[in-house]
Amino acid sequence: MLGGGYVGLELAQAYLRFGSRVTVIEAGPQLMGREDPDVADEMQRILSDEGIQCLVAAEALNVDGRSGEEVSVTVRTPSGKQEIEGSDILVAAGRIPNTEGIGLEEAGVELDARGYIRVNERLETTAPDVWAMGDCAGSPQFTHVAGDDFRIIWDNLAGRKRGTRDRLVPYCMFTDPPLAHVGLSEQGAQHDGVAVRVAKLPMSAVLRTEATDETQGFMKAVVGGDDDRILGFTMIGAEAGEVMAAVQTAMLANLPYQKLRDAVLTHPTMAEGLGPLFENVPPRSASPRLDRPLAAATAQFAH
């Protein structure tokens, strides 16, 4: 498997459970390069314990043979070169827009530097009465985002005003256990100079896991350093997408984290873990002071 991103890891685990021996080759320093290092490390541990060999900081130098018959990949790793032999190779190293040479320029539709169709926040292109949505418009590459793009264009065509500027985009990786994320990450806050407080809770501390034994993973919340808004949430664990939706709803309503901390949540559910998670939020005085204002976090929520 070339590529240790979301699609690559979903397929790697699937093929392992179909009975294949699987090696993931990732050129970057960690799996899922956009995630916080602790999130990537936990997912790598889970997959490695299941039997997937994960090579990070690994450069594929050469491929011999034919996928589906017999194939050999030469890889340079920090510990030296390795030869990996197998029957198939699956490339999941990312996607690029298929916009070249289809006549967009003749129609007056401009592309950006990466080859995506240039759109404004209303998803209008540079050509009058031409709109673009989904992957080709540079939107986050998820089905639910393309569906929201359609709603935005539909409303704008009907005379209403909708845009992509302030939407809060969640995503899931459907491994077992799954990964779910919405909003600002800890790493993103550090990059943007946003003062935040971080709370974590191992899934083993969620009472439901005593019944289900689904103890792998953790919950992680990012809360404002200067106020009590929930800025981001990440979870690796059973039902992660459903738990994330509850946090996303609170974020959309601009609720302070104490509302979830003190809520009476059904027992025994995975969402019940949100109470003890938000009990772990450090006091404001423990938050590091950084240079840029909290408003910088909104860039993570935008189109």
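Residues numbered from 1 in each chain as written. Predicted model: local features only at pLDDT ≥ 70, side-chain atom pairs only at ≥ 80, totals over all residues. Heavy atoms only, no water.

A look at the side chain of Asp192
Here Asp192 shows up in helix α4 (residues 186–192). At a separation of 3.1 Å, a polar atom in the side chain of Asp192 contacts the side chain of His191. (Helix = DSSP H or I, 4+ residues; strand = E, 2+ residues; numbered from the N terminus. Polar contact = N/O pair within 3.5 Å; in protein donor to acceptor, adjacent residues only side chain to side chain.)

A few points about a nonpolar patch on the surface
A contiguous nonpolar patch, built from Val7, Leu11, Tyr15 and Phe18 and spanning about 400 Å² of accessible area, is present on the exposed surface. Of note, Phe18 is situated in helix α1 (residues 6–18). According to the relative accessible area criterion, Phe18 is exposed, its value standing at 67%. (Patch = residues over 30% accessible without salt bridge, like charges linked within 9 Å, V, L, I, M, F, W, Y side chains within 5 Å. Areas by Shrake-Rupley, 256 points an atom, 1.4 Å probe, with all protein chains shown as cover. Salt bridge = Lys/Arg side-chain N within 4 Å of Asp/Glu carboxyl O. Buried < 20%, exposed > 50% of the residue type's maximum accessible area, 1.4 Å probe, protein only.)

Examining the packing of aromatic side chains
Counting across every chain of the model gives five aromatic pairs. Their ring planes at 40 degrees and their centres at 5.8 Å tell us that Phe150 and Trp154 sit as a pair that is tilted. Highlighted residues: Phe150 and Trp154, both in helix α3 (residues 143–157), separated by four residues, approximately one helical turn. Looking at Phe150, the relative accessible area reads 42%, which means it is partly exposed. Here the aromatic residues Tyr6, Phe142 and Tyr171 are joined through ring pairs into a cluster of three or more. Taking NZ or CZ as reference, Lys200 lies 4.2 Å from the ring centre of Phe218, over its face. (Phe/Tyr/Trp six-rings, centres within 6.5 Å; stacked < 30°, edge-to-face > 60°. Lys NZ or Arg CZ within 6 Å of the ring centre and 35° of its normal.)

Some thoughts on the sheet that holds strand β7 (residues 179–183)
Spatial strand order, β6-β7-β10-β9-β8: five strands in an open sheet with antiparallel pairing. Two strands lie at the open edges of the sheet, namely β6 (170–173) and β8 (196–202), each paired on one side alone. The mean inter-strand angle of the sheet, taken between neighbouring strand axes irrespective of direction, is 10 degrees. Alignment of β7 against strand β10 (residues 230–236), held across five bridges, turns out to be antiparallel. Paired with Val182 across the bridge in β10 is Phe233. α1 contacts β6 and β7 of the sheet and is inclined by roughly 30 degrees relative to β6. Each of β6, β7, β8, β9 (218–224) and β10 is contacted by helix α2 (residues 37–50), which is oriented at about 10 degrees to β10, the strand it contacts most. (Pairing = 2+ DSSP bridges. Axes fitted to C-alpha atoms, helices over the stretch in contact; angles between N-to-C directions. Contact = heavy atoms within 4.5 Å.)

Bear in mind that shape data such as this cannot, by itself, settle questions of function.
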